[in-house]
Amino acid sequence: GQNIDQPTEMTATEGAIVQINCTYQTSGFNGLFWYQQHAGEAPTFLSYNVLDGLEEKGRFSSFLSRSKGYSYLLLKELQMKDSASYLCAVSPFSGGYNKLIFGAGTRLAVHP
Amino acid sequence: SQTIHQWPATLVQPVGSPLSLECTVEGTSNPNLYWYRQAAGRGLQLLFYSVGIGQISSEVPQNLSASRPQDRQFILSSKKLLLSDSGFYLCAWSPPQHSNQPQHFGDGTRLSIL
């Protein structure tokens, strides 16, 4: 079966660093995506990892370990606008389409 | 640049009524298209995906159907809505023939069944 686990909720302080973990067990692996979703809005793409290691994009970084079935999203210098849900999604198949399996998301609350 | 349009933004429908949600993509050809449903506080559940005109794959048995009458148009339908069809419906697209490209989402339709 396909399974993706993330913590349900996290809280952090403005200006701090937070790490959101994601573990996955899927029938195949062709990459892992992180999305941000503000309440009532559509998800927006943040990052993509297919090889082991760290990908950095400004205040956001994402790490992948394929052997451990593990990824994390690191958010630095937190701002109030970072309060949102963060969705981890795995692409289990290679081929001509991108069928993603999504985790339930981690709701992050940033406090002053 | 590519854009995706989804409408309506909100919809309130009685049980047993029909449904039609429409999604169109601009600025790309032969996109992969997807319909998702998100229940309150839950993750995204893939309902249908399409790699071309008239080609629809269904992920879960349900009261809904999808059609792709044109290259960049994707429609989600139901003949008779159930209470359990309530939720946030999202259309998404990704580039053709590239499984490592992210999906990009429309603004979604919030459907309430009374």
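Scope of this entry: the structure provided in the associated data block. Values in this document were obtained by computation on a predicted structure and should not be read as measured data.

1. Observations regarding the packing of aromatic side chains
All names here are of chain A.
Part 1: Under the counting rule described, the total for this entry stands at 14 aromatic pairs over all chains.
Part 2: An angle of 50° between the planes, with centres 5.7 Å apart, marks the rings of Tyr35 and Phe102 as tilted. One end of the pair, Tyr35, is in strand β4 (residues 32-37); the other, Phe102, is in strand β10 (residues 101-102), and 67 residues separate them in sequence. Summarising the burial analysis for this pair, Tyr35 and Phe102 share the class buried.

2. Some thoughts on the sheet that holds strand β1 (residues 3-7) of chain B
Either a parallel or an antiparallel arrangement is found when strands of a sheet pair, and the pairing is made through backbone hydrogen bonds.
Residue and element names in this part refer to chain B.
Part 1: Sheet architecture is open: four strands sit in the order β1-β3-β8-β7, paired in antiparallel fashion. Only two strands of the sheet have a single neighbouring strand rather than two, namely β1 and β7 (65-70). Between one strand axis and the next, the sheet turns by 20° as a mean value, whatever way the strands run.

3. A closer look at the state of the cysteines
Residue and element names in this part refer to chain A.
Part 1: Under the criterion given, the structure shown has two disulfides over all chains.
Part 2: Residue Cys22 pairs covalently with Cys88 via a disulfide, S to S 2.0 Å. With the S-S bond torsion at -65°, the cross-link from Cys22 to Cys88 turns out left-handed. Of the two residues, Cys22 is situated in strand β3 (residues 18-25) and Cys88 in strand β9 (residues 84-90); the sequence distance between them amounts to 66 residues.

Conventions we followed
Residues numbered from 1 in each chain as written. Chains lettered and ligands numbered in written order. Predicted model: local features only at pLDDT ≥ 70, side-chain atom pairs only at ≥ 80, totals over all residues. Heavy atoms only, no water. Phe/Tyr/Trp six-rings, centres within 6.5 Å; stacked < 30°, edge-to-face > 60°. Helix = DSSP H or I, 4+ residues; strand = E, 2+ residues; numbered from the N terminus. Buried < 20%, exposed > 50% of the residue type's maximum accessible area, 1.4 Å probe, protein only. Pairing = 2+ DSSP bridges. Axes fitted to C-alpha atoms, helices over the stretch in contact; angles between N-to-C directions. Disulfide = S-S within 2.5 Å.

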